[in-house]
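One letter stands for each residue in the lines below.
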Amino acid sequence: MASTPLTDFSRLCIHTITTKPWSIEEATDRYAAAGVRGVTVWRQWLDGREIAKVGANLRAAGIEVVSLCRGGFFPSIDAAERQKAVDDNLRAVDEAAALGAPLIVLVCGADPRQPLEESRRQIADGIAATLERAGQANIRLAVEPLHPMYADTRSAINTMAQANDLCDAIDSPLLGVTVDVYHLWWDPHLRSQIERCGRAGRIFSFHVCDWRSPTEDLLNDRGLMGEGCIDVPQIRGWVEDQGFDGFVEVEIFSNRCWAMDQGEFLEKIKEAYLKHA
Ligand code: ZN
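The shown structure was predicted, so the numbers you read here are calculated from the model rather than taken from an experiment.

Engineer: How should the coordination of the zinc ion be read in this particular structure?
Structural biologist: When four donors bind a metal tetrahedrally, each ideal donor-metal-donor angle is 109.5 degrees, and when six bind octahedrally, the ideal angles are 90 or 180 degrees. Listed as protein donors to the zinc ion are Glu 144 (OE), Asp 180 (OD), His 207 (ND1) and Glu 251 (OE); their distances from the metal cover 2.0 to 2.2 Å. The coordination sphere of the zinc ion comprises 4 donor atoms, whose angles at the metal cover 87 to 161°; the geometry is irregular. Read in sequence order, the donor residues coordinating the zinc ion give the pattern E-x35-D-x26-H-x43-E. Of the two residues, Asp 180 sits in strand 6 (residues 175–180) while His 207 sits in strand 7 (residues 203–208), which places them 27 residues apart along the sequence. His 207 matches Asp 180 in its accessibility class, with the two residues each being buried.

Engineer: When you look at the packing of helix 2 (residues 51–60) against helix 3 (residues 79–99) in this model, what are you seeing that I'm missing?
Structural biologist: Packed helices, taken two at a time, are described by the angle between their axes plus the distance between the axes. The interhelical angle for the contact between helix 2 and helix 3, taken along N-to-C directions, is 40°, at an axis separation of 7 Å. As far as their axial angle goes, helix 3 and helix 2 are oblique. Along its contact with helix 2, which presents Ile 51, Ala 52, Val 54, Gly 55 and Arg 59, the element helix 3 presents Glu 95, Ala 98 and Leu 99. Per-class residue counts for the contact of helix 2 with helix 3 are 5 nonpolar, 1 polar and 2 charged.

Engineer: Just to check I follow, could you spell out the environment of Glu 81 for this structure?
Structural biologist: On the secondary structure map, Glu 81 appears in helix 3. Separated by 78 residues in sequence, Glu 81 and Thr 159 have C-alpha atoms that sit 25 Å apart.

Engineer: I tried to follow the side chain of Thr 18 on my own but got confused; where do I start?
Structural biologist: Looking at the secondary structure, you find Thr 18 in the loop between strand 1 (12–15) and helix 1 (24–34). One polar contact links the side chain of Thr 18 to the main-chain amide nitrogen of Ile 252, over a distance of 3.0 Å.

Engineer: What exactly am I supposed to notice about the packing of aromatic side chains here?
Structural biologist: Two measures describe an aromatic ring pair: the distance that separates the ring centres and the angle between the ring planes. All chains considered together, the criterion is met by 6 aromatic pairs. Ring centres of Phe 9 and Tyr 273 lie 5.9 Å apart, and the angle between their planes is 35°; this geometry places the pair in the tilted category. Highlighted residues: Phe 9 in the segment before strand 1 and Tyr 273 in helix 10 (residues 262–276), separated in sequence by 264 residues. Looking at Tyr 273, the relative accessible area reads 0%, which means it is buried. Three or more aromatic residues link up through ring pairs in this structure, and these residues are Tyr 182, Trp 185 and Trp 211.

Calculation criteria
Residue positions are given per chain, counted from 1 along the sequence in the order it is written. Per-residue local features of the predicted model are confined to residues with pLDDT of at least 70, and side-chain atom pairs are confined, for both listing and counting, to 80 or more; whole-chain, interface and lining totals are unaffected and use all residues. The side-chain values count all of the structure's non-hydrogen atoms but skip hydrogen atoms and water molecules. For Na, K and Ca the donor cut-off is 3.2 Å, and for all other metals it is 2.8 Å, counting N, O and S atoms only; because water is absent from this set, sites may look incomplete. Square planar and octahedral assignments, for four and six donors respectively, both demand that opposite donors be over 155 degrees apart and that all other angles lie between 65 and 115; tetrahedral needs four donors with all angles between 85 and 135 degrees, and anything else is irregular. Strands are runs of DSSP state E lasting at least two residues, helices are runs of H or I lasting at least four, and both sets are numbered from the N terminus onward. Accessibility here uses a 1.4 Å probe with only protein chains present; expressed as a share of the type maximum, an area under 20% marks a residue as buried, one over 50% as exposed, and anything in between as partly exposed. Note on method: axes are straight lines fitted to C-alpha atoms, helices fitted across the in-contact stretch only, with angles between N-to-C directions ranging 0 to 180 degrees. Just so you know how the angles are binned, under 35 degrees is roughly parallel, over 145 roughly antiparallel, 65 to 115 roughly perpendicular, and the rest oblique. By definition, residues are in contact when any of their heavy atoms lie within 4.5 Å. Put simply, Ala, Val, Leu, Ile, Met, Phe, Trp, Tyr, Cys and Pro go in the nonpolar bin, Asp, Glu, Lys and Arg in the charged bin, and everything else, Gly too, in the polar bin. Any pair of N or O atoms that falls within 3.5 Å is considered a polar contact. Within protein, one atom must be able to donate a hydrogen and the other to accept it, and sequence-neighbouring residues count only if both atoms are side-chain atoms. Classification of ring pairs uses Phe, Tyr and Trp, with its six-membered ring standing for Trp, and accepts pairs whose centres are within 6.5 Å; under 30 degrees between planes counts as stacked, over 60 as edge-to-face, and the remaining range as tilted.

Printed below as a string of structure tokens:
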């Protein structure tokens, strides 16, 4: 089934990193004024802040906290580093609870000094070690598969199939998946694996941007929807066919966009959201 066009901003969520030059206070004011209804807060934006107050200010401005980015980075060949990672994820749970974020997105990590299979085992162990605290705080965790170009250091989970396998193995109602079109658009099994994820009730969130061609920087050259080769509405349709009706989260790392006037960029985001998401 084709997706229905988005006609208003009731499902528009923006990641604070998308408008990186703005502090959380400025983002709160500017998003609210622009009619943005959801935000995913990156943890750096909470540095030095009273976290509960940030959450209260967002809600008072009519903005829902969709998730906290990010937990994860579990694997390491060094056991002490792995423990540090678990401790940091437990802190992320506490931060999400203070902020009022119901979900933490996990960028699972990888260590190039060891085989991917070992990193995947350590990811499963790290998630298992975080789940109890997450359950006590009533916070869900979402595994975000990353494009395989990041398999060396950022994530050993690179496809929906791997994320689904991981969720099957751990089998907790608190654990699901973030579908990000940037990381997954190329996968010939994407549709069937989104269906598998949906049947299990595990599509927890949905991130959009576009793949620019050529991509000039592997991390910080993501495009606005419509600027690249990803059929975002098609993938949104697959996710929504599974009953997903949550926020469409605009997450763009882009040196080009961060150099723009952020107010003008926000208007471009809104236009791209209606036309190309
Ligand atoms: Zn994402």
